[in-house]
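Residues per chain, in single letters:
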Amino acid sequence: MPSPQAESRVLREKHPTEGAERGRLSPRREALLQARIKDLSLRLGGTPLERYIAQLHSELEAKGLSFKPQCYLSDEWGCPSGVPVIGLPFYLADPDLLSIEAELGGSAETEAEILMYLRHEAGHAFNYAYRLYDTDEWRRVFGDWGRPYQDDYKPRPFSRRYVFHISGWYAQKHPDEDFAETFAVWLTPGSDWAKRYQGWGALKKLQYVEDIAKRLGRTTPLVQLAEPDFTTEEMEGTVQDHYRQRELDEKVDVELRNAFDHALEDIFWGPGEAPVSAATLVQAERQRLLSTVGHYAGVSRGVVRALVDHLAERTAALNLTLHPDDSREAAMQLASLVTVLAMNYLHTDRFFED
């Protein structure tokens, strides 16, 4: 199934061939960009990932589950449809590759995020291992597993019918993701889910996971297949090719021209009226906007990124300025503008109505 990072952690800010970024890379990392991924001989063994996977298995055991999904390195987070194994991004297995991800992508997973994604993917794996999605009980609680995926799903922020785990209200994307997110919340140590979700429609989903774990926890899985999908040994392209393709996949074209110039002129001062270029503030707030707007609005980070980049370009083109003492207020207004426009796009597929 599609990985949650398609919606929740699209962190690709710069093309890896851009001169400014390339100039910051060490010779070792330059060589890595040119290397074929399959030739890097990446392994889980001997990396911090071993410890995270061991923690996942320990958490499963603590919940009474004998099932321990196998893990492998791939191009992204994921669990092949119907196969109870977990793929982890290859760059997590090498500190230099992780540095490239952080530098070219804007950030990389923290330890907490790695564990969050592992628990989510373990939910998929548990679902597939016992073919829960084929049962009437599962369908009554979560819906039709065979429902087509929609890349641009339209979540309802703060809906109490779903748990909140991965940003962007990811449980609302598909019944399979709903189960995986519910499982992850149930599995997380100290989540106190019964109290946290008291009065929510999502509570019955958590109770289903609790009940099914007690029933099946020590039984043999129905699906013993552990065939990984698209391992690093099969990745013919270079690290640079990986980033290029990812950028193409996540690119969102916006034709806004000067549609929001008036809003920017309301937030900032005109040319020469203040000592600082307003574009510097937009750039400084870029990563924060990508994280927070996507987190709460549920809008694709690709959409938010395209919008913020457009506003940065227009701010620079208009030569707008800023008084340093006004930075906090301007940042709040900018965040409000981006949020409103992103929500317009989420619900109408456009940033504004003609």
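Figured I'd write up the structure that's included with this text. Since the structure is predicted, the reported quantities are computational estimates derived from the model, not experimental observations.

## Examining the environment of Glu227
Stage number 1. Within the secondary structure, Glu227 sits in the loop between α10 (203-216) and α11 (239-250).
Stage number 2. Residue class for Glu227 comes out exposed when judged on its relative accessible area of 51%.
Stage number 3. Distance from Glu227 to Tyr296, taken between C-alpha atoms, is 36 Å for residues 69 residues apart in sequence.
Stage number 4. When sequence neighbours within four positions are dropped, the list of residues in contact with Glu227 reads Val83 and Val85.

## Notes on helix α8 (residues 175-187)
Stage number 1. For α8, which comprises 13 residues, the first-to-last C-alpha distance of 18 Å matches the rise-based estimate of 18 Å (1.5 Å per residue) to within 8%.
Stage number 2. Across the 13 residues that make up α8, a large majority, 13, are buried.

## Section: the packing of helix α6 (residues 111-129) against α8
Stage number 1. Close contact between α6 and α8 brings their axes to 7 Å; oriented N to C, the two are set at 115°. The two elements α6 and α8 cross, and the hand of that crossing is right-handed. Taken together, the residues of α8 that come into contact with α6 (itself represented by Arg119, His120, Ala122, Gly123, His124, Phe126, Asn127 and Tyr128) are Asp176, Glu177, Phe179, Ala180, Glu181, Phe183, Ala184 and Leu187.
Stage number 2. Of the residues in the contact of α6 with α8, the class split is eight nonpolar, four polar and four charged.

## Examining the pairing of strand β2 (residues 85-89)
Along any regular strand, the residues point their side chains to alternate faces of the sheet.
Stage number 1. Along β2, five of the five residues are buried, which leaves the element largely enclosed by surrounding structure.
Stage number 2. Of the two faces of β2, the one lined by Val85, Gly87 and Pro89 and the one lined by Ile86 and Leu88 are each fully buried.
Stage number 3. Pairing analysis gives five bridges linking strand β1 (residues 70-74) to β2, with the strands arranged parallel. Residue pairing for β2: Cys71 is matched across the bridge by Ile86.

## Observations regarding α6
Stage number 1. Between its first and last C-alpha atoms α6 spans 26 Å; for 19 residues at 1.5 Å apiece the expected length is 27 Å, and the two agree.
Stage number 2. Most of α6 is tucked away, with 15 of its 19 residues classed as buried.
Stage number 3. In the segment just after α6, Arg131 is the residue with positive phi, at about 50°.

Rules and cut-offs
- Note that residues are indexed from 1 along each chain, following the sequence as it is written.
- Totals for whole chains, interfaces and linings use all residues, but because this is a predicted model, local features are given only for residues with pLDDT of at least 70 and pairs of side-chain atoms are given and counted only at 80 or more.
- The basis for every side-chain value is the complete set of heavy atoms in the structure, and neither hydrogens nor water enter the calculation.
- In this text, helices come from DSSP runs of H or I with a minimum length of four residues, and strands from runs of E with a minimum of two, each type numbered from the N-terminal end.
- Relative accessibility thresholds used throughout: buried, under 20% of the residue-type maximum; exposed, over 50%; partly exposed, between the two (1.4 Å probe, protein chains only).
- Any two residues having at least one pair of non-hydrogen atoms within 4.5 Å are treated as being in contact.
- What a helix is expected to span follows from its residue count: subtract one and scale by 1.5 Å.
- Axes, fitted as lines to C-alpha atoms, cover a helix only where it is in contact. Angles between the N-to-C directions of the axes lie from 0 to 180 degrees.
- By convention, the crossing between two helices is left-handed when the near helix turns anticlockwise from the far helix through less than a right angle, and right-handed when the turn is clockwise.
- Residue polarity follows a fixed list, in which Ala, Val, Leu, Ile, Met, Phe, Trp, Tyr, Cys and Pro are nonpolar, Asp, Glu, Lys and Arg are charged, and the others, Gly among them, are polar.
- Paired strands are those between which DSSP finds at least two bridges.

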